[in-house]
Amino acid sequence: IQSRNRNRPGNELCFRYLRNKLIALGYQVDSLSFGSNGGKNIWAVKPGNVYPNEPVIICAHYDGMPNAAIAPAADDNASSMSAVLEAARTMASYNFEHTVIFAFWDDEEYGLAGSNAFATLYDNANDNIHGVINMDAIAWDSDNDSVARVHTGPVANSETIADTVIAVNTDYAIGIDLQVNNPGATYSDHASFWNHTYGAVLLIEDWDNDANTHYHSVTDEVQYFNLPYYHKMSRLSIGSTAALA
């Protein structure tokens, strides 16, 4: 997989990779094709014991930029994609009240198309969603200040979800300096759920003051990860999902 851009063969290879990983972890796997460009979402389902029809979704987009033959798209957004896979692995042996969905969206880089297709599907079926934890770029911290942002807003229970993230960060001493953006930005997949009146938040590195200088370039590589920070962000995302569920 040399590029996960939707116009490159690696996009389909990544879809197959994610499917195989989720199946190997023992999950029921589903997918959704959408749009005229052949976009495909994929997700795994862990049924809840009490509220099976009110899922908690932890998600990330798997497509990448730029549209080039080699485009690692490591921070944006393999960092978050890997954290969702780790959530699926670590949560597999636990039981939760709410169903948990481990989701990967395609075509985020082209108008949030994948997450919008999923949210529209749920909305048209009048299905409930208990909450969404969306991650998008969680491994860049060039100044080592451990600042990250949770984007929330006055949509459904989004502010309550943000409170849960704050509590998890505090209760488990994860060590992220968490800043709240309210009203939050709408440039990532959580906005698709807001548009359908579902509660959602975005967890992201400090894009406001410490933006990744390799953003959407062929040099967005793993070597530029701040690994201690990345591990904290992954723990925060997974812990928040477990708490919600």
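Scroll up a little and you will see the structure.
Draft legend 1. Focus on helix H3 (residues 113–124). With 12 residues, H3 extends 16 Å between its outermost C-alpha atoms, agreeing within 8% with the 16 Å of an ideal straight helix rising 1.5 Å per residue. Every buried residue of H3 is accounted for by Gly-114, Ser-115, Ala-117, Phe-118, Ala-119 and Tyr-122. Of the surrounding secondary structure, the elements contacted by the buried residues of H3 are strand S1 (28–34), strand S2 (39–46), strand S3 (51–61), strand S4 (98–105) and helix H5 (190–194). After H3 finishes, the residue Asn-126 shows a positive phi value of roughly 60 degrees.

Draft legend 2. Summary view of the packing of helix H4 (residues 158–171) against helix H6 (residues 227–244). Contact pair H4 / H6: the axes reach a minimum separation of 9 Å and the direction vectors enclose 120 degrees. Between H4 and H6, the angle is such that the two are oblique. Viewed along their axes, H4 and H6 form a crossing whose handedness is right-handed. For the pair formed by H4 and H6, the contact residues are Ile-161, Thr-164, Val-165, Val-168 and Asn-169 on the first element and Leu-236, Gly-239, Ser-240, Ala-243 and Leu-244 on the second. When its residues are assigned to classes, the contact of H4 with H6 shows 6 nonpolar, 4 polar and no charged.

Draft legend 3. Just the nonpolar core, in detail. Among the nonpolar cores identified, the biggest contains 47 residues, and Leu-18, Phe-102, Phe-104, Ile-176, Leu-178, Leu-203 and Leu-236 are the most heavily contacted of them. Other than its neighbours up to four places away in sequence, Phe-104 contacts Leu-18, Leu-22, Asn-41, Ile-42, Ala-60, Tyr-62, Met-81, Val-84 and Leu-85.

Draft legend 4. Looking closely at the pattern of salt bridges. Under the criterion given, the structure shown has 6 salt bridges. The salt bridge involving Asp-107 is made with Arg-6; its shortest N-O contact spans 3.4 Å. In this pair, Asp-107 sits in the loop between S4 and H3 while Arg-6 sits in the segment before helix H1 (9–24), placing the two residues 101 residues apart along the sequence. Among the residues examined, Asp-107 registers a relative accessible area of 4% and is labelled buried. The class for Arg-6 is partly exposed, based on a relative accessible area of 24%. Salt-bridge contacts for Arg-16 lead to Glu-12; the nearest nitrogen and oxygen are separated by 3.0 Å. With Arg-16 and Glu-12 both in helix H1 and 4 residues apart, this pair spans about one turn of that helix.

Draft legend 5. Seen up close, the pairing of strand S5 (residues 131–135). For S5, a buried count of 5 out of 5 residues is recorded, marking the element as mostly surrounded by other parts of the structure. Burial along S5 is two-sided: Gly-131, Ile-133 and Met-135 facing one way and Val-132 and Asn-134 facing the other are all buried.

Draft legend 6. Structural view of unusual backbone geometry. The step from Met-65 to Pro-66 runs through a cis peptide bond, and the omega angle for that step is 0 degrees. Among the secondary structure elements, Pro-66 is positioned in the loop between S3 and helix H2 (74–91). Along the chain, Asp-76 connects to Asn-77 via a cis peptide bond; the corresponding omega equals 20 degrees. Looking at the secondary structure, you find Asn-77 in helix H2. Even without being a glycine, Ala-137 presents a positive backbone phi close to 75 degrees. Mapped onto the secondary structure, Ala-137 falls in the loop between S5 and strand S6 (147–151).

Draft legend 7. Structural context of the sheet that holds S3. A sheet is described by the order of its strands in space; here 8 strands give the open sequence S1-S2-S4-S3-S5-S8-S6-S7, paired in mixed fashion. Both edges of this open sheet fall to S1 and strand S7 (177–181), since each of them pairs with a single strand only. Recorded for the sheet is a direction-independent mean angle of 20 degrees between the axes of neighbouring strands. Both S3 and S5 contribute to a ladder of 4 bridges, which runs parallel. Looking at S5, one finds that Ile-57 is bridged to Val-132. H6 rests against S3, S4, S5, S6, S7 and strand S8 (200–205) of the sheet, and its axis sits at about 170 degrees to S8.

Conventions we followed
Residues numbered from 1 in each chain as written. Predicted model: local features only at pLDDT ≥ 70, side-chain atom pairs only at ≥ 80, totals over all residues. Heavy atoms only, no water. Helix = DSSP H or I, 4+ residues; strand = E, 2+ residues; numbered from the N terminus. Expected span 1.5 Å × (residues − 1). Buried < 20%, exposed > 50% of the residue type's maximum accessible area, 1.4 Å probe, protein only. Contact = heavy atoms within 4.5 Å. Axes fitted to C-alpha atoms, helices over the stretch in contact; angles between N-to-C directions. Parallel < 35°, antiparallel > 145°, perpendicular 65-115°, else oblique. Left-handed = near helix turned anticlockwise from the far one by under 90°. Nonpolar A, V, L, I, M, F, W, Y, C, P; charged D, E, K, R; others polar. Core = buried A, V, L, I, M, F, W, Y, C linked by side-chain atoms within 4.5 Å. Salt bridge = Lys/Arg side-chain N within 4 Å of Asp/Glu carboxyl O. Pairing = 2+ DSSP bridges.

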